[in-house]
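Examining the three-dimensional arrangement
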Amino acid sequence: MEIWVANSLEKIFFNTRKPSRASRRIELACARNETEDAQIVVRSNENIERLSVEFSDLKRSGKRLTVDHISAQFVWCVPVIHNTRDNGNGRYIIRNAPDFFPDALVSLPEISVEKNRAQSIWISVRVPGDASPGSYKGKIKVSVDRRDVDIPITVQVHPFEIPQQPSLFMTNWLSIESLEHFFNVKRFSEEWWGLIDKVAANMAAHRQNVILTPFQKLVRFVKTEIGFRAEFSQLDRWIETFLNHGVAELIEGTHLAGRSEDLESELSFLPFTIYNSDGGQHLLPSVSVKDEDRQYLVRVFMSQIYEHLDERGWAARLVQHLADEPVEANADSYRYLSEFIRGVLPSVPRIDAVMNNGLEGAVDIRVPQIQEIDDDIENRPANEQLWFYTCLAPQGPHPNRFIDFSSLKTRIIHWMNWRYQATGYLHWGYNYWRQWQGSEFCNPYYTATGESERLATGMTPLPPGDPCIVYPGEGDVNNSIRWEMVRKGMEDYEYLKILEERIASTKPSRPAVKKGLQVLDHVRNKVVPSHTKYVNSDENFLKARSELTKAILGFGKKR
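About the thresholds
Residues numbered from 1 in each chain as written. Predicted model: local features only at pLDDT ≥ 70, side-chain atom pairs only at ≥ 80, totals over all residues. Heavy atoms only, no water. Pairing = 2+ DSSP bridges. Helix = DSSP H or I, 4+ residues; strand = E, 2+ residues; numbered from the N terminus. Phe/Tyr/Trp six-rings, centres within 6.5 Å; stacked < 30°, edge-to-face > 60°. Buried < 20%, exposed > 50% of the residue type's maximum accessible area, 1.4 Å probe, protein only. Lys NZ or Arg CZ within 6 Å of the ring centre and 35° of its normal. Polar contact = N/O pair within 3.5 Å; in protein donor to acceptor, adjacent residues only side chain to side chain. Contact = heavy atoms within 4.5 Å. Expected span 1.5 Å × (residues − 1). Disulfide = S-S within 2.5 Å. Core = buried A, V, L, I, M, F, W, Y, C linked by side-chain atoms within 4.5 Å. Axes fitted to C-alpha atoms, helices over the stretch in contact; angles between N-to-C directions. Left-handed = near helix turned anticlockwise from the far one by under 90°. Salt bridge = Lys/Arg side-chain N within 4 Å of Asp/Glu carboxyl O.

1. Observations concerning the sheet that holds strand β23 (residues 318-321)
If you walk across this open sheet you meet the six strands as β14-β17-β23-β24-β25-β26, and the pairing is parallel. Looking at which strands have only one partner, the edges of the open sheet turn out to be β14 (210-213) and β26 (385-386). Of the strand pairs in this sheet, β14 and strand β17 (residues 250-253) are connected by four bridges, and their pairing is parallel. Its bridge partner lying in β17, Ile 211 is registered against Ile 251.

2. What to know about the sheet that holds strand β27 (residues 388-389)
Within the open sheet, the three strands sit side by side as β13-β28-β27. Their pairing is parallel. Since the sheet does not close on itself, it has two edges, and those belong to β13 (169-172) and β27, each with one partner. Where β27 and strand β28 (residues 424-427) come together, two bridges link them in parallel fashion. Across the sheet, Phe 388 pairs through a bridge with Tyr 425, a residue of β28.

3. Some details on the packing of aromatic side chains
Counted under the stated rule, the structure contains 22 aromatic pairs. On the basis of an interplanar angle of 80 degrees and a centroid distance of 5.2 Å, the ring pair of Phe 221 and Phe 301 is categorised as edge-to-face. On the criterion of sequence distance, the pair formed by Phe 221 in strand β15 (residues 220-224) and Phe 301 in helix α5 (residues 292-311) is long-range, its members being 80 residues apart. Look at Phe 221 and you get buried, because its relative accessible area is 0%. Residues Phe 402 and Phe 405 carry aromatic rings whose centres are separated by 5.0 Å and whose planes lie at 65 degrees to one another, so their mutual orientation is edge-to-face. Given the relative accessible area of 0%, Phe 405 is considered buried. An aromatic cluster is present here, built from Phe 188, Trp 192, Trp 193, Trp 238 and Phe 242 joined pairwise through their rings. Above the ring of Phe 13, the side-chain terminus of Arg 95 is found at 3.8 Å from the ring centroid.

4. Quick notes on the side chain of Asp 236
With respect to the helices, strands and loops of the structure, Asp 236 is situated in helix α4 (residues 233-244). Under the relative-accessibility criterion, Asp 236 is labelled buried at 12%. Among the polar contacts made by the side chain of Asp 236, one reaches the side chain of Arg 312 at a distance of 3.1 Å. Apart from the residues within four sequence positions on either side, Asp 236 is in contact with His 308, Arg 312 and Trp 314.

5. Examining helix α9 (residues 481-504)
A rise of 1.5 Å per residue sets the reference length of α9, with its 24 residues, at 34 Å; its end C-alpha atoms lie 35 Å apart and thus fit the reference within 8%. Buried residues dominate α9, accounting for 20 of its 24 residues.

6. A look at α4
In a regular helix each residue adds 1.5 Å, so 12 residues correspond to 16 Å; α4 covers 16 Å between its end C-alpha atoms and thus fits that length. Buried within α4 we find Leu 235, Asp 236, Trp 238, Ile 239, Thr 241 and Phe 242.

7. Regarding the state of the cysteines
Taken as a whole, this structure holds zero disulfides when the rule is applied. In this model Cys 442 remains outside any disulfide bridge; the closest cysteine sulfur is found in Cys 468, 8.8 Å from its own. The class for Cys 442 is buried, based on a relative accessible area of 7%.

8. Remarks on the environment of Asp 145
Residue position: Asp 145 is located in the loop between β11 (134-144) and β12 (147-161). Overall, the relative accessible area of 33% leaves Asp 145 in the partly exposed class. With 94 residues separating them in the primary sequence, Asp 145 and Leu 51 have C-alpha atoms 6.4 Å apart. Residues contacting Asp 145, with those up to four places away along its chain left out, are Asn 47, Ile 48, Glu 49 and Arg 50.

9. What to know about unusual backbone geometry
The amide bond that connects Ala 97 to the next residue, Pro 98, takes the cis arrangement and shows omega of 0 degrees. Within the secondary structure, Pro 98 sits in the loop between β7 (70-80) and β8 (99-106). Residue Pro 394 is bonded to the preceding Ala 393 through a cis peptide linkage, with omega at 0 degrees. Its location among the elements puts Pro 394 in the loop between β27 and α7 (407-411).

10. Observations concerning the pairing of β17
Neither face of β17 is left uncovered, since the one carrying Leu 250 and Glu 252 and the one carrying Ile 251 and Gly 253 both have all their residues buried. Pairing analysis gives three bridges linking β17 to β23, with the strands arranged parallel. Note that in β23 the partner of Glu 252 across the bridge is Val 319.

11. Observations concerning the nonpolar core
If you look at the biggest cluster of nonpolar residues, it comprises 112 residues, and the most contacted ones within it are Leu 174, Trp 238 and Phe 242. Per-element accounting of this core gives the leading share, 11 residues, to α9. For Phe 242, the contacting residues outside a window of four places in its chain are Leu 174, Ile 196, Ala 200, Met 203, Ile 211, Val 247 and Ala 248. Residues Ile 48, Val 106, Ile 123 and Ile 151 belong to the second largest nonpolar core, which totals 40 residues.

12. A short note on the packing of α9 against helix α10 (residues 511-527)
In the contact formed by α9 and α10, the axes pass within 10 Å of each other and the chain directions differ by 145 degrees. As for how α9 packs across α10, the hand of that crossing is left-handed. The residues of α10 that touch α9, namely those facing Leu 496, Leu 499, Glu 500 and Ile 503, are Val 513, Gly 516, Leu 517, Val 519, Leu 520 and Val 523.

13. Observations concerning the pattern of salt bridges
One pass over the full model with this rule turns up 34 salt bridges. Here Asp 236 and Arg 312 are joined by a salt bridge, their closest N and O atoms 3.1 Å apart. Pair noted here: Asp 236 is in helix α4 and Arg 312 is in the loop between α5 and β23, with a separation of 76 residues, a long-range link. The residue Glu 501 makes a salt bridge to Arg 502 at a minimum N-O spacing of 3.9 Å. Overall, the relative accessible area of 32% leaves Glu 501 in the partly exposed class. Counted as one network, the salt bridges with shared partners bring together Glu 34, Glu 36, Asp 37, Arg 411, Glu 484, Arg 487, Lys 488, Glu 491, Asp 492 and Arg 545.

Put into structure tokens, the structure is as follows:
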């Protein structure tokens, strides 16, 4: 039997072998309010019937990091049948498909392992904001059938903290239909709300702070004898649930329109549901954004929502989607819709993922794909915020969060946020555990693409992992390696911002300022010089992260 420790950037496959210089010690270092990870790998030439992990408190001079701050999840390998299409003949992926790729993290008390398979155990230590700085030590007991092995663990807690509320906006879109299907819960039941609360906690633990809010599903728009009345009880509970976990810093209103047919078609209002006072409902079909009757309904609906949010003190949090990914061919209809919504919600920022570099004045929070941003920061429109997004694109040398990409390519995304001064990140796939073309849901443990490879000829299948970054679990969502890398990238972003703040608030003559500027210059020009050229080895990346930490510590304790 072999047991060794690996860092969190390494992906452990079934046939991974123990390195010649492998360690049996976990050594972590992190700030307060940060979570750091490592892996314990077990491999035996006999079947393992019971593999489990047990923790003890980590101690230093009478202080403790209790077992409540330590967790273990088993890494689960999922089948990848087809690699990301643009993979540079294998240069931009970590392994050729078909194969089983490590991704899902499952929370179980114990598992069995087949002989000659490497099994990784994902270890996370969360350092609370009130932890005293210093070195905490303890042991992790790994039980393999009747044999126990102790793995020493040391956690160095730095004398600074990252903010609990993220400095970077981040949203991943939630599919409530997927939750309802996989957990067999009825919408708005107490069981449903309990699950939503767990999702909110999961998002908060990974520093998500923007929540897509489906107004048409949460607000009953009732036709009465004298007009229309919106009912807000479910919307209020939704917002309060995510606010309680710090996730609703921005309330992201869902799209009002979409393409009427293909990619280049004109935009149309999405179908719209009206309820009768007796509880019945009527679904109005999609119509042109220039349809005056639908404009009237949308105006009344959105105005009542805004007025209610304003009464609750939430209106300043609202940002509103119009239509997803407009292109040049439908830019005119997008502009028309944008002007209409500006008239309805004059103070609400309009946000969209855009595939058109124009649309100045029609969007307030521009969200292009990462490869479309550049260094020309001074000439960006002064009245726009810049975020960026990834989805099934870009591929190739660009960073993204596909299962067959390295963990580094996922974690580095948020270094790009700092590099290009983009203040937010968007991805569509938090939990889209479904097939396409209106077919049934599918299990993400068995298909990494939502079975999009079954789309009609000519349609682009999704890369592995694109539809989701969490998995259905037992009454809760399970994390993934990629989701942990998103969290680490968000924490890295805080380090970069902390160093910038220390430099700005310190006399330029101090040596720490010179060192800090050198480190940031190295990050900008060597670690992430562009979105296709960035540090390409885990070792060099971790060295850069270490230098960033040292530069912050060089300023001493913040007063």
